[in-house]
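# Descriptive structure summary
The chain contents come next:
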Amino acid sequence: MNFTELFTEADMTLELVLWSMFFGLIIGAFAMLYQKKVGGAVVRKLFDEKAALPEQAMTLKEMGLEKNFLVRFSLRRGSGLRKVVLSTEEDAKVTDETRFYLPEEKYPRAALQYDNNGTSVLTVFFAIVLFAVMMIGIKTIVPYLTQMLKNFIDMVREK
């Protein structure tokens with residue numbers, strides 16, 4: 001297989017569709033893992049500590065997440081996590097003094113979006129391997145099915 005030919009051809013091919021789906025699956029799986037592990041750490045900690053009101057808000061240090069760059073990045077203004085986890089100061093930058101809380105009305109969304117069950121590096125690995133096996137199977141079987149369909153159409157036309 002030559003990737004240069006794959007991405008420079010003008011025609012839509014089965015191989016191009018399969019590779020696009022495969023790369024999309026990989027990106028999606030790692031995005032899900034990131035969201036569940038990084039954002040989920042903040043949500044789970046605030047939920048466990050029952051920090052549902054601004055008076056109960058916690059800093060990253062109090063949560064034990066002050067050194068995690070990815071947590072700070074996930075809590076930036078406008079991020080998906082900041083739609084669930086609120087800051088005591090509106091539009092505050094994430095610093096060591098910024099306090100966060102998880103309002104009770106956001107619990108259902110947070111639980112659904114950031115729940116850690118069933119998400120692990122192993123799950124992502126198996127999903128990628130399974131899709132790769134399926135991709136190879138499809139790439140192998142579809143030409144035979146296409147030929148069978150052509151033969152059937154030719155047979156029907158002759159009669």
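Here's a quick rundown of the structure. Residues take numbers from 1 onward in each chain, read along the sequence in its written order. At least 70 in pLDDT is required for a residue's local features to be given in this predicted model, at least 80 for side-chain atom pairs to be given and counted, and no such filter applies to totals for whole chains, interfaces and linings, which use all residues. Side-chain calculation: all heavy atoms of the structure are included, whereas hydrogens and water are not.

For the rest of this paragraph, the subject is the packing of helix 2 (residues 14-48) against helix 5 (residues 107-114). Remark: helix 2 packs on helix 5, axes separated minimally by 9 Å, with the N-to-C direction vectors making an angle of 145°. Crossing of helix 2 over helix 5 shows left-handed handedness. Between helix 2 and helix 5, the contacting residues are Gln-35, Lys-36, Gly-39, Gly-40, Val-43, Arg-44 and Phe-47 on the first element and Tyr-107, Ala-110, Leu-112, Gln-113 and Tyr-114 on the second. Geometry is summarised by axes, namely lines fitted to C-alpha atoms with helices restricted to the contacting stretch, and by angles between N-to-C directions that run from 0 to 180 degrees. Here a helix means four or more residues in a row that DSSP labels H or I, a strand means two or more in a row labelled E, and each is numbered from the N terminus. Handedness of a crossing follows from how the near helix is turned relative to the far one, being left-handed for an anticlockwise turn of less than a right angle and right-handed for a clockwise one. By definition in these notes, contact holds between two residues if any of their heavy atoms fall within 4.5 Å.

A few words now on the nonpolar core. Residues belong to a common nonpolar core when they are buried Ala, Val, Leu, Ile, Met, Phe, Trp, Tyr or Cys residues joined through side-chain atoms within 4.5 Å. Per-residue accessibility, obtained with a 1.4 Å probe over protein chains only, is compared with the maximum for each type, and a residue is labelled buried under 20%, exposed over 50%, and partly exposed between these values. In terms of nonpolar packing, the biggest core is built from 18 residues, with Val-42, Leu-46, Met-63, Leu-75 and Val-85 touching the most fellow members. Listing elements by their share of this core, those giving two or more residues are helix 2, helix 3 (60-63) and helix 5. The contacts of Val-85, once residues within four sequence positions are left out, are Val-42, Val-43, Leu-46, Leu-75, Phe-100, Tyr-101 and Leu-102. Within the second largest apolar cluster, 9 residues are counted, among which are Trp-19, Leu-33, Val-124 and Phe-131.

Attention shifts here to the pattern of salt bridges. Every case where a carboxyl oxygen of Asp or Glu lies within 4 Å of a side-chain nitrogen of Lys or Arg is listed as a salt bridge. Summed over the entire model, instances satisfying the criterion amount to 2 salt bridges. Among the ionic pairs, Lys-45 bridges to Glu-49, the shortest N-O distance being 3.5 Å. Judged by its relative accessible area of 26%, Lys-45 falls in the partly exposed class. One salt bridge in this structure joins Arg-99 and Glu-62, with 3.5 Å as the shortest N-O distance. One end of the pair, Arg-99, is in the loop between strand 1 (86-87) and strand 2 (100-101); the other, Glu-62, is in helix 3, with 37 residues separating them in the sequence. Residue classification places Arg-99 among the partly exposed residues on the basis of a relative accessible area of 29%. Classification of Glu-62 by relative accessible area gives partly exposed; the value is 42%.

A word on the environment of Glu-15. The residue Glu-15 is located in helix 2 in this model. For Glu-15, a relative accessible area of 22% puts it in the partly exposed group. Placed 143 residues apart in sequence, Glu-15 and Glu-158 show a C-alpha to C-alpha distance of 32 Å.

Moving on: a nonpolar patch on the surface. On the surface, a nonpolar cluster with roughly 500 Å² of combined accessible area is contributed by Leu-122, Phe-125, Phe-126, Val-129 and Val-133. Within the secondary structure, Val-129 is located in helix 6 (residues 121-158). In this analysis, a patch consists of residues with relative accessible area above 30% that form no salt bridge, clustered at 9 Å for like charges and at 5 Å for the nonpolar side chains Val, Leu, Ile, Met, Phe, Trp and Tyr. For the area figures, the Shrake-Rupley method with a 1.4 Å probe applies, and any residue is considered shielded solely by the protein chains shown.

Here the aromatic set is Phe, Tyr and Trp, taking the six-membered ring for Trp, and pairing holds for ring centres within 6.5 Å; pairs whose planes are under 30 degrees apart are stacked, those over 60 apart are edge-to-face, and all others are tilted. Tallying each qualifying case throughout the model produces 7 aromatic pairs. With a centroid separation of 5.7 Å and an interplanar angle of 85°, the aromatic rings of Trp-19 and Phe-22 are classed as edge-to-face. One end of the pair, Trp-19, and the other, Phe-22, are both in helix 2, 3 residues apart, so they sit about a helical turn from each other. Taken as a pair, Trp-19 and Phe-22 share a single burial class, namely buried. Look at Phe-22 and Phe-131: their rings are 6.2 Å apart centre to centre, the planes differ by 15°, and that puts the pair in the stacked class. In this pair, Phe-22 is assigned in helix 2 and Phe-131 in helix 6, connecting sequence segments 109 residues apart. Exposure remark for Phe-22: the relative accessible area of 11% places this residue in the buried category. For a Lys NZ or an Arg CZ to count as sitting over a ring, it must be within 6 Å of the ring centre and within 35 degrees of the ring normal. Above the plane of the ring of Phe-73 lies Arg-76, whose end atom (NZ or CZ) is 4.1 Å from the centre.

Let us look at unusual backbone geometry. The phi torsion at Lys-50 lies on the positive side, around 55°, for a residue other than glycine. With respect to the secondary-structure elements, Lys-50 resides in the loop between helix 2 and helix 3.

On their own, these measurements won't tell you what the molecule is for.
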